[in-house]
Amino acid sequence: MKMRNLVVAAMLAPLLHSPGLAAQPLNERQVQGLLTATESIENRIDGDLNGDGRADTAFVTAAGTDGPRSLKVFFAGQGAAPHAAGQLSLPQSPIGPAELTVENGVLVVHDVTGGTTAVAATYRFRGEPGAARMRLIGIDAKYLSRTFAHDGSELSWNLLTGDVISSQLKAPSPGTESGYQKTGLKRTRRSVSTIYMEDTPDAEDLFAAIPPPR
């Protein structure tokens, strides 16, 4: 019987250490230990963000109703404390909690802030191999009126290829029920560079850096 147990243990050992089997994500007590005294969790998600087979953790914090907001990512440690892999200050005045998803190892963050006039931003991050940090690989931004009181604009920037797609959003005529009409589609290209999470540009500032077509 002892020999059989040894054989079974030897067969299971490679599976237990396989990178395809994710470790348990951080529990609630561990996450709370990563917060400051004034922070609370707005939203959270777990998933493998750096391809090592372990469950990493991303969450958005808020300090009170009108206080600072932050996106934070921690890579799972192998028998050690989680590793801080990135942090980003988010705009205040959110219109609902930020949405977090993990798609094929990419952290997708959708955040809408403002009031009647709002900025909707979608950020895409992934763990940079060898750097133990989160890299920005894409950002979509939309400037709009939630009541269609004025024109808007939108753009999408792929930081892996440098491709930028921008367009204007034409507000509907008063009294009509249609939404924005997209016009003036323009494709340009920017030089490709590595931008880590901490250096992610503010979505609203992108419209000054990359003016929409006229």
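I keep staring at the overall build of the protein chain and nothing clicks. Help me out?
Counting its regular elements, the protein chain contains three helices and 12 strands. By the burial criterion, 38% of the 214 residues in the protein chain qualify as buried. Counting contacts in the protein chain only where the partners sit at least 6 residues apart, residues at least 24 apart contribute 44% of the total. Accessible surface for the protein chain amounts to roughly 12,000 Å². Of this, 53% is attributable to carbon and sulfur atoms.

What's the story with the sheet that holds strand S3 (residues 69-75) in this structure? I'm lost.
A sheet is described by the order of its strands in space; here four strands give the open sequence S1-S2-S3-S4, paired in antiparallel fashion. Each edge of the sheet is formed by a strand with only one pairing partner; in this case those strands are strand S1 (40-47) and strand S4 (83-90). On average, each strand axis in the sheet is tilted by 15 degrees relative to the strand beside it, whichever way the strands run. Sheet topology places S3 next to S4; seven bridges connect them, and they run antiparallel.

Sorry if this is basic, but what is going on with the nonpolar core here?
As a rule of thumb, soluble globular proteins bury nonpolar side chains together. Within the largest apolar cluster, 32 residues are counted, with the highest numbers of intra-cluster contacts made by Leu-71, Val-73, Leu-107, Tyr-123, Phe-125, Met-134 and Met-197. Ignoring anything within four residues of it in the chain, the contact list for Tyr-123 reads Leu-90, Leu-107, Val-108, Val-109, Leu-136, Gly-138, Ile-139, Thr-200, Pro-201 and Ala-203.

How should the pattern of salt bridges be read in this particular structure?
If the charged atoms of two oppositely charged side chains come close together, the side chains can form a pair. Summed over the entire model, instances satisfying the criterion amount to 12 salt bridges. Ionic pairing is found between Glu-39 and Lys-72, a salt bridge with its closest N-O pair at 2.9 Å. Linking Glu-39 in the loop between helix H2 (28-32) and S1 with Lys-72 in strand S3, this pair joins segments that are 33 residues apart in sequence. Judged by relative accessible area, Lys-72 falls into the buried class, the value being 7%.

How should I be thinking about the pairing of strand S8 (residues 133-145) in this particular structure?
When a strand is regular, its side chains alternate between the sheet's two faces. Sheet analysis places strand S7 (residues 117-128) next to S8, joined by 12 bridges and oriented antiparallel. Its bridge partner lying in S8, Ala-121 is registered against Ala-141. Between S7 and the antiparallel strand that follows it, S8, lie four residues; Gly-130 among them carries a positive phi value of about 85 degrees. Across two bridges, the pairing between S8 and strand S12 (residues 195-196) is antiparallel. Its bridge partner lying in S12, Leu-136 is registered against Ile-195. Of the strand pairs in this sheet, S8 and strand S9 (residues 152-158) are connected by six bridges, and their pairing is antiparallel. When the sheet's bridge partners are listed, Ala-141 is paired in S9 with Leu-155.

What is the right way to look at the packing of aromatic side chains in this model?
Any pair of aromatic rings gets described here by the distance separating the centres and the angle formed by the planes. If you walk through the whole model with that rule in mind, you get four aromatic pairs. With 5.9 Å between their ring centres and 15 degrees between their planes, Phe-59 and Phe-74 make a pair best called stacked. A residue pair is termed long-range when its members are at least 10 positions apart, and Phe-59 in strand S2 (residues 56-62) and Phe-74 in strand S3 qualify at 15 residues. Relative to Phe-125, the ring of Tyr-123 lies with its centre 6.2 Å away and its plane at 20 degrees, an arrangement referred to as stacked. We note that Tyr-123, like Phe-125, is buried. Across the ring face of Tyr-196, the terminal group of Arg-133 is positioned such that the distance to the ring centre comes to 3.8 Å.

Rules used in this analysis
Residues numbered from 1 in each chain as written. Predicted model: local features only at pLDDT ≥ 70, side-chain atom pairs only at ≥ 80, totals over all residues. Heavy atoms only, no water. Helix = DSSP H or I, 4+ residues; strand = E, 2+ residues; numbered from the N terminus. Buried < 20%, exposed > 50% of the residue type's maximum accessible area, 1.4 Å probe, protein only. Contact = heavy atoms within 4.5 Å. Areas by Shrake-Rupley, 256 points an atom, 1.4 Å probe, with all protein chains shown as cover. Pairing = 2+ DSSP bridges. Axes fitted to C-alpha atoms, helices over the stretch in contact; angles between N-to-C directions. Core = buried A, V, L, I, M, F, W, Y, C linked by side-chain atoms within 4.5 Å. Salt bridge = Lys/Arg side-chain N within 4 Å of Asp/Glu carboxyl O. Phe/Tyr/Trp six-rings, centres within 6.5 Å; stacked < 30°, edge-to-face > 60°. Lys NZ or Arg CZ within 6 Å of the ring centre and 35° of its normal.

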